Amino acid sequence: MKYLKINPKGWAILLGFVGVTFIFSCQSEKKNERPNIVFIMSDDHAYQAISAYDNSLIETPNIDRIAKKGMLFTNASVTNSICAPSRATILTGKHSHINGKVDNVNPFDTTNVTFPQLLQEAGYQTAMFGKLHFGNNPKGFDQFKILPGQGSYYNPEFITKNEGEIKVNGYVTDIITDMTLEWLSKEREAEKPFMLMYLHKAPHRSWEMAERHMEEYTNKSFPEPKTLFDTHEGMPAAKVAEMNISGNLGWARDLKIYPETMDELQLDEIGFDKIGFEYSYKRLDSSQKANFDSFYKKRSEDLKKRYPSMTAEDLTKWRYQCYMQDYLGTIKSVDENVGRVLDYLEENDLMENTIIVYTSDQGFYLGEHGWFDKRFVYDESFKTPLLVSWPNRIKEGSVSDELVQNLDFAQTFLEVAEADQPSDMQGKSMLPVLTGDSKNWNRDAVYYHYYEHPSEHNVNRHYAAVTKEYKLIHYYFDQDYWELIDRKKDPLEQLNFYDDPAYAEVKKEMHNKLNALREQYGDNEALSQKYIDEFMPLAVEGKVWGVKDEILQGIVNNWKQSKAK
């Protein structure tokens, strides 16, 4: 046997080469160990409408797959229950008063650093498909195709990174998924970890379901919530809110009653009622219109038969059923399409090292308190669905009641990606909760602040401290008073215990928690006034959405008087 002779200098070179190769190999292996991140978010998806939480309204077997393979959160919440501010908090890891996106009106400050930028800098391939809601050029993405603003359910336009603005025929939930799967199959770089934001428009108002679900869902009926006829006694802000199923859902825009039927029954328009219907209807092609007409004209005919003999209670119940049919019909397609993405990940061996998150930008009222929409710190809008899977790291089928928020997503993703977390981010990585490391999780209260008032639905500005047991809420500006909610004793949140002597110690403790949270997060009365003063000139000019003139004028006059003092 012959041996290769290498002089000492040659051995040094060879060993050096082997060492560099080994180090490079280890670095590559380590790099590849970083998990992929698939962030799935729907718009206004109530946790009550996910069967992993409650199967009384709908079955969502595909979304439930994430919970079965991972963790279901029962106390996940948002910091500000309205679309664009929630998304800004998710992207920046900062409360609204810090990132500046306090409402849907003012633009997002693009100088904010977002977690996708940081992941991209850390070597992740990044992509976003679906509804962002603000901005036309999201930073930190190698690829994006996003809906302009709210977007449309049928034949929607998209703003794209490489193709300009395009229009795609079909149903938006299917299209967003098609784009997502095309990117995964054709543009994903196998040698890089990826972060994918897969963002649905559904089930946002005005709840237009896919054609294939119209027959099934327009013929379904659903159980009514216990508080459908809530009178909001002792809750002044709730009492004046204009998000009632009984009188604030549009006949045409929301319930799909044809304008000619409204005229025949002499029904008054509610908000941008007929305009909203006509805008959506005109987007349909001839085949889509024929399908829509075949099911929704039956609803109009049903109302014409029933309306003359209906009591106010009958009408509320009827409107509730129509609302649920359409809202849940849109979720049916979301669940189907989530299944398509999960199937792709499984079939292409991408599950093992991928974190999958399913959430919503906030919760939503499905008739609770007699309402639709969100905004309040009461549970149905404050809490958000959150299901997270990560094979071999998160215990399958686990449930957590820890107080996590959308504020925490950015730092969670940055930690698992081994990327730097900016010191001015305000959340906490959820990794200890996800992996069962309870010693490193110690949050006992979260902070909430809602700003958009005067605006559609007339929900007063308020901020709150929330623990697992209580909520302390301060309504300010238009109304000025406090509420104390006992979450265990009164889970339906219909009672205000603030002035109850039996709660004196609880009230004191919650005030201390609230003050501490405001100090921790840098919120204060001066900032609240700043955002009022920035918003109200728009109200003076009539540039706020969906506010009755008499309500708007009263608020404007009070603001002017306060500024004159």
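Note that the structure is a prediction, hence the values are computed from the model and not measured.

1. Some remarks on the overall build of the chain
- Each helix and strand in the chain was counted, giving 18 helices and 14 strands.
- In terms of overall size, the chain behaves like a compact globule, its C-alpha atoms giving a radius of gyration of 26 Å where 565 residues would be expected to give roughly 24 Å.
- With the C-alpha coordinates of the chain rotated into their principal frame, the extents come out at 105 × 60 × 45 Å.
- Looking at the chain as a whole, 59% of its 565 residues are labelled buried.
- A sequence separation of at least 24 residues applies to 67% of the contacts in the chain between residues at least 6 apart.

2. Some points on the packing of helix H6 (residues 172-187) against helix H12 (residues 312-347)
- Between H6 and H12, the least distance of the axes is 9 Å, while the angle of their chain directions is 10 degrees. It follows from the interaxial angle that H6 and H12 lie roughly parallel. Contacts between H6 and H12 involve Thr173, Asp174, Thr177, Asp178, Thr180, Leu181, Leu184 and Ser185 from the first element and Ser333, Val334, Asn337, Arg340, Val341, Tyr344 and Leu345 from the second.
- Looking at the contact of H6 with H12 residue by residue, the class counts come to six nonpolar, six polar and three charged.

3. Focus on unusual backbone geometry
- The step from Ala202 to Pro203 runs through a cis peptide bond, and the omega angle for that step is 0 degrees.
- Following His453, the chain continues to Pro454 via a peptide bond in cis, the omega torsion being 5 degrees.
- Considering the arrangement of structural elements, one finds Pro454 in the loop between strand S11 (446-450) and strand S12 (462-466).

4. Considering a nonpolar patch on the surface
- There is a patch of nonpolar side chains on the surface, built from Phe272, Ile275 and Trp545 and spanning about 330 Å² of accessible area.
- Here Phe272 is to be found in the loop between helix H9 (259-265) and helix H10 (273-283).
- Owing to a relative accessible area of 39%, Phe272 belongs among the partly exposed residues under this scheme.

5. Describing the layout of surface pockets
- Considered as a void within the structure, the largest pocket measures approximately 850 Å³ in volume.
- Gln150, His204, Arg205, Arg253 and Trp545 are the residues nearest the centre of the largest pocket, which is lined by 35 residues in total.
- For the lining of the largest pocket, the element with the most residues is H10, which contributes five residues.
- Classifying every residue of the lining of the largest pocket by side-chain character gives eleven nonpolar, eleven polar and 13 charged.
- Taken as a whole, the second largest pocket holds about 570 Å³ of empty space.
- Residues of the lining of the second largest pocket, tallied by class, amount to nine nonpolar, five polar and eleven charged.

6. A closer look at the sheet that holds strand S10 (residues 398-400)
- One open sheet holds the ten strands; their spatial order is S6-S5-S4-S3-S7-S1-S8-S9-S2-S10, and the pairing between them is mixed. At either end of the open sheet lies a strand with only one pairing partner, and these are strand S6 (164-167) and S10. Taking each pair of neighbouring strands and ignoring which way they run, the sheet shows an average axis angle of 15 degrees.
- Sheet topology note: the strand S2 (residues 70-73)/strand S9 (residues 386-389) ladder contains four bridges and is antiparallel. In the strand pairing of S9, Gly70 is matched with Ser389.
- Contacts between H6 and the sheet are confined to strand S3 (125-130), strand S4 (143-146), strand S5 (157-160), S6 and strand S7 (194-199), with S7 contributing the most and set at about 165 degrees to the helix.
- In this fold H12 packs onto strand S1 (36-42), S7 and strand S8 (354-360), with an angle of close to 175 degrees to the strand it touches most, S8.

7. Thoughts on helix H18 (residues 549-564)
- Here H18 contains 16 residues, and its C-alpha end-to-end distance of 22 Å stays within 8% of the 22 Å for a straight helix at 1.5 Å per residue.
- In this fold, the buried residues of H18 make contact with helix H17 (525-540).

8. Focus on the environment of Asp549
- Examined against the element boundaries, Asp549 turns out to sit in helix H18.
- Counting along the chain gives 111 residues from Asp549 to Ser438, while the straight-line C-alpha distance between them is 52 Å.

9. So, the environment of Ala52
- Tracing the chain through its elements places Ala52 in the loop between S1 and helix H2 (61-69).
- Expressed as a C-alpha distance, the spacing of Ala52 and Pro148, which sit 96 residues apart in the sequence, is 32 Å.
- For Ala52, the residues in contact, after removing those within four places along its chain, are Thr60, Asp64, Ala67, Leu72 and Leu387.

10. Here's the deal with the packing of aromatic side chains
- Throughout the structure, instances matching the rule amount to 39 aromatic pairs.
- Look at Trp482 and Tyr498: their rings are 5.9 Å apart centre to centre, the planes differ by 10 degrees, and that puts the pair in the stacked class. Here Trp482 is found in strand S14 (residues 481-486), whereas its partner Tyr498 is found in the loop between S14 and helix H16 (504-521), with 16 residues between them in sequence.
- Cluster of aromatic residues (ring-pair linked, three or more members): Tyr365, Trp371, Phe376, Tyr378, Tyr475 and Tyr481.

Cut-offs used in this document
- Residues numbered from 1 in each chain as written.
- Predicted model: local features only at pLDDT ≥ 70, side-chain atom pairs only at ≥ 80, totals over all residues.
- Heavy atoms only, no water.
- Helix = DSSP H or I, 4+ residues; strand = E, 2+ residues; numbered from the N terminus.
- Rg over C-alpha atoms; globule rule 2.2 N^0.38 Å.
- Buried < 20%, exposed > 50% of the residue type's maximum accessible area, 1.4 Å probe, protein only.
- Contact = heavy atoms within 4.5 Å.
- Axes fitted to C-alpha atoms, helices over the stretch in contact; angles between N-to-C directions.
- Parallel < 35°, antiparallel > 145°, perpendicular 65-115°, else oblique.
- Nonpolar A, V, L, I, M, F, W, Y, C, P; charged D, E, K, R; others polar.
- Patch = residues over 30% accessible without salt bridge, like charges linked within 9 Å, V, L, I, M, F, W, Y side chains within 5 Å.
- Areas by Shrake-Rupley, 256 points an atom, 1.4 Å probe, with all protein chains shown as cover.
- Salt bridge = Lys/Arg side-chain N within 4 Å of Asp/Glu carboxyl O.
- 1 Å grid on protein atoms, 1.4 Å probe; cavity = no way out; pocket = protein on both sides within 12 Å on 5 of 7 lines; lining within 4 Å.
- Points joined across faces, edges and corners; volume = space filled by probe spheres on them.
- Pairing = 2+ DSSP bridges.
- Expected span 1.5 Å × (residues − 1).
- Phe/Tyr/Trp six-rings, centres within 6.5 Å; stacked < 30°, edge-to-face > 60°.

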